[in-house]
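Now for the letters of each chain:
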Amino acid sequence: MTKSELIAKLAALNPHLYQRDVERIVATIFDEITNALARGDRVELRGFGAFSVKRRDSRTGRNPRTGEAVSVTEKRVPYFKTGKDLRDRINREFAAELAARAEPKPEAGKDMG
Amino acid sequence: MDQRTITRADLSEAVFQEVGLSRNESAELVEVILAEIAGALSRGETVKISSFGSFTVRDKGQRIGRNPKTGQEVPILPRRVLVFRASNVLKAKINNTTPTTADVEGE
């Protein structure tokens, strides 16, 4: 699913909204999360997950091609931790998918035990 | 400055301020957006939000784990994990740097 597919889905679910409003709603949400992380804030969406920023200290890295030592400055990286509800749901559906793959669907008319 | 925690309430307030829907409807839309993303991920789909990042699911095979306290071996069942990869635009904003043209086009 891409951002435009998400927008199309939301527009279909909310026929009373203009497409451009749906676009602004989606943009606002991701801008809000981005700005919070840029300030160093945390974004916690219960059941979904939490975004935070982690600091990476400066270090001496190496150019993998030449082997040359280069200094890498301290930087901040975004991090996402999946929420419990979403993690459980993803795995529940994954388990169902695995079970369906393992035993092919019983054919109609056959004895199902 | 102290670190703040942003929640659903802040997101729906932003939608309310920005788009001018009622507070109730703004909150509902935030919920629906999260639900749509969660639904796609549960079906095993990748969710790609340009200039923000992508959420992908990755399948992990079964392996033998160990209870670190008792040393007892326990089987870890196959599972599916969610991985978020931030876009270069998001990484640049977090570091207050300008993304290069290549970063933006690579989205």
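As the structure is a prediction and not an experimental result, all values here were calculated from the model. (Residues numbered from 1 in each chain as written. Chains lettered and ligands numbered in written order. Predicted model: local features only at pLDDT ≥ 70, side-chain atom pairs only at ≥ 80, totals over all residues. Heavy atoms only, no water.)

1. A look at a positive patch on the surface
A surface patch of positive charge is lined by K54(A), R56(A), R59(A), K75(A), R85(B) and K91(B). Structurally, the position occupied by K75(A) is in strand β5 (residues 75-82). Classification of K75(A) by relative accessible area gives partly exposed; the value is 38%. (Patch = residues over 30% accessible without salt bridge, like charges linked within 9 Å, V, L, I, M, F, W, Y side chains within 5 Å. Areas by Shrake-Rupley, 256 points an atom, 1.4 Å probe, with all protein chains shown as cover. Salt bridge = Lys/Arg side-chain N within 4 Å of Asp/Glu carboxyl O. Lys, Arg positive; Asp, Glu negative; His and termini not counted. Charge placed at Lys NZ, Arg CZ, Asp CG, Glu CD. Helix = DSSP H or I, 4+ residues; strand = E, 2+ residues; numbered from the N terminus. Buried < 20%, exposed > 50% of the residue type's maximum accessible area, 1.4 Å probe, protein only.)

2. Comments concerning the pairing of strand β2 (residues 49-56) of chain A
Along any regular strand the residues' side chains alternate between the sheet's two faces. Residues and elements named next belong to chain A. The pairing of strand β1 (residues 42-45) with β2 spans three bridges and is classified as antiparallel. The residue bridging V43 from the neighbouring strand is F51, located in β2. With antiparallel pairing between neighbouring strands as the criterion, β1 and β2 make up a hairpin whose turn holds three residues, including G47 at a positive phi of roughly 85°. (Pairing = 2+ DSSP bridges.)

3. Here's the deal with the sheet that holds strand β2 (residues 47-49) of chain B
The three strands lie next to each other as β2-β3-β6 (chain B), forming an open sheet whose pairing is antiparallel. Both outer strands of the open sheet, β2 and β6 (79-86) of chain B, are each paired with one neighbouring strand and no more. Strand after strand, the sheet turns through a mean of 25° between neighbouring axes, direction not considered. Alignment of β2(B) against strand β3 (residues 53-60) of chain B, held across three bridges, turns out to be antiparallel. Residue pairing across strands places K48(B) opposite S54(B), the latter belonging to β3(B). Contacts between helix α3 (residues 84-102) of chain A and the sheet are confined to β3 and β6 of chain B, with β6(B) contributing the most and set at about 130° to the helix. (Axes fitted to C-alpha atoms, helices over the stretch in contact; angles between N-to-C directions. Contact = heavy atoms within 4.5 Å.)

4. Notes on the interface of chain A and chain B
How big an interface is tends to be stated in terms of accessible area lost as the parts join. On the chain B side, the residues contacting the 47 residues of chain A number 51 residues. Of the roughly 4,600 Å² buried where chain A meets chain B, counting both sides, 68% is carbon and sulfur surface. The largest share of the area that chain A buries against chain B comes from M1(A), F48(A) and I90(A), three residues that together contribute 15% of it. Counting every contact that joins chain A to chain B gives two salt bridges. Between R80(B) and E97(A) there is a salt bridge, with its nearest N and O atoms 3.3 Å apart. On the surface where chain A and chain B come into contact, there are 18 residue pairs in polar contact (both at pLDDT 80 or more). Those elements that provide at least two residues to the side of chain A that touches chain B are α1 (3-13), α2 (19-38), β1, β2, β5 and α3 of chain A. Looking at the side of chain A that touches chain B, its residues break down into 24 nonpolar, eight polar and 15 charged. Bridge count for β1(A) against strand β1 (residues 5-6) of chain B is two bridges, and the pairing is parallel. Bridge pairing in β1(B) places V43(A) opposite I6(B). (Buried area = accessible area lost by both parts, 1.4 Å probe. Polar contact = N/O pair within 3.5 Å; in protein donor to acceptor, adjacent residues only side chain to side chain. Nonpolar A, V, L, I, M, F, W, Y, C, P; charged D, E, K, R; others polar.)

5. Describing the confidence of the model for chain B
Residue and element names in this part refer to chain B. Overall, the prediction assigns chain B a mean pLDDT of 91, with 91% of residues at 70 or greater. Confidence, read as mean pLDDT per element, is least for helix α4 (residues 101-105) in chain B (55) and greatest for β2 (98). Here the prediction assigns the complex a pTM of 0.86, and the interface score ipTM is 0.87. (pLDDT = per-residue confidence, 0-100.)

6. What to know about the side chain of S26(B)
Residues and elements named next belong to chain B. As for its position among the elements, S26 is in helix α2 (residues 23-42). A polar contact of 3.4 Å, which involves the side chain of S26, links it to the backbone nitrogen of F16. If we ignore the near neighbours within four places in the chain, the residues touching S26 are S12, V15, F16 and L21.

7. Some details on the confidence of the model for chain A
For residues with low pLDDT, the predicted coordinates do not support detailed interpretation. The share of residues in chain A with pLDDT of 70 or more is 92%, and the mean pLDDT across the chain is 91. Per-element mean pLDDT across chain A ranges from 88 in strand β4 (residues 69-72) of chain A up to 98 in β1(A).

8. Some remarks on the domain arrangement of chain A
Residue and element names in this part refer to chain A. By domain assignment, chain A separates into domain 1 (1-41) and domain 2 (49-104). Distance from the C-alpha centre of domain 1 to the C-alpha centre of domain 2: 24 Å. Opposite the four residues of domain 1 that make contact, domain 2 presents four residues. Interface of domain 1 and domain 2: buried area, both sides summed, is about 360 Å²; carbon and sulfur atoms make up 69% of it. (Domains from an automatic or database assignment.)

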